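So the chains spell out like this:
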Amino acid sequence: MFNAGDIVEIISCEDDPRAVGKTGRVLDEVPPGPLTDYRWTVDRISIWIAPVLVHSHEIRKAT
């Protein structure tokens, strides 16, 4: 489970493959639902990469 503000590493990304291997911040205040196809919104990845939508199995908390 992730919370808003968590720093996560993107391990795969259907939405934008350029985001793989980068870190970002979870934006969602609540667990994702059907509107986003149960994907989390991750922002602050890079100046060149817009926020992406990722499934839980595509990210992990950064250490």
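The preceding data block contains the structure.
Residues numbered from 1 in each chain as written. Predicted model: local features only at pLDDT ≥ 70, side-chain atom pairs only at ≥ 80, totals over all residues. Heavy atoms only, no water.

1. Concerning the overall build of the chain
Logical step 1: A tally of regular secondary structure across the chain gives zero helices and five strands.
Logical step 2: Walking the chain from its N terminus toward its C terminus, one meets helices and strands in the order β-β-β-β-β.
Logical step 3: In summary, the chain has a C-alpha radius of gyration of 10 Å against a globular reference of 11 Å for 63 residues, a match within 12%.
Logical step 4: Across the chain, contacts joining residues at least 24 apart in sequence account for 42% of those joining residues at least 6 apart.
Logical step 5: Of the accessible surface of the chain, which amounts to about 4100 Å², a share of 55% is contributed by carbon and sulfur atoms.
Logical step 6: Computed over 7 positive and 10 negative side-chain charges, the inter-centroid distance for the chain is 6 Å. (Helix = DSSP H or I, 4+ residues; strand = E, 2+ residues; numbered from the N terminus. Rg over C-alpha atoms; globule rule 2.2 N^0.38 Å. Contact = heavy atoms within 4.5 Å. Areas by Shrake-Rupley, 256 points an atom, 1.4 Å probe, with all protein chains shown as cover. Lys, Arg positive; Asp, Glu negative; His and termini not counted. Charge placed at Lys NZ, Arg CZ, Asp CG, Glu CD.)

2. Describing the pairing of strand S1 (residues 7-10)
Logical step 1: Residues Val8 and Ile10 point to one face of S1 and are all buried, whereas Ile7 and Glu9, pointing to the other face, are not buried.
Logical step 2: Summarising the sheet, S1 and strand S2 (residues 23-26) pair through three bridges and their orientation is antiparallel. If you follow Glu9 over to S2, its bridge partner there is Thr23. (Buried < 20%, exposed > 50% of the residue type's maximum accessible area, 1.4 Å probe, protein only. Pairing = 2+ DSSP bridges.)

3. A few points about the side chain of Glu58
Logical step 1: Note on placement: Glu58 falls in the loop between strand S4 (52-54) and strand S5 (59-61).
Logical step 2: Notably, Glu58 is buried but unbridged: the nearest opposite-charge side chain belongs to Arg39, and the N-O separation is 6.7 Å.
Logical step 3: Within the local environment of Glu58, its side chain forms a polar contact with the backbone nitrogen of Glu14, the two atoms lying 3.2 Å apart. (Salt bridge = Lys/Arg side-chain N within 4 Å of Asp/Glu carboxyl O. Polar contact = N/O pair within 3.5 Å; in protein donor to acceptor, adjacent residues only side chain to side chain.)

4. Topic: the pattern of salt bridges
As a working rule, side chains carrying opposite charge can pair if their charged atoms are close by.
Logical step 1: Scanning all chains against the criterion turns up three salt bridges.
Logical step 2: Linking Asp6 and Lys61 is a salt bridge whose minimum nitrogen-to-oxygen distance equals 3.5 Å. Separated by 55 residues along the polypeptide, Asp6 in the segment before S1 and Lys61 in strand S5 bring together distant segments of the chain.
Logical step 3: Judged by its relative accessible area of 17%, Asp6 is buried.
Logical step 4: Under the relative-accessibility criterion, Lys61 is labelled partly exposed at 43%.
Logical step 5: The salt bridge partner of Arg18 is Asp16, with a shortest N-O separation of 2.8 Å.
Logical step 6: The exposure class assigned to Asp16 is buried, which follows from its relative accessible area of 14%.

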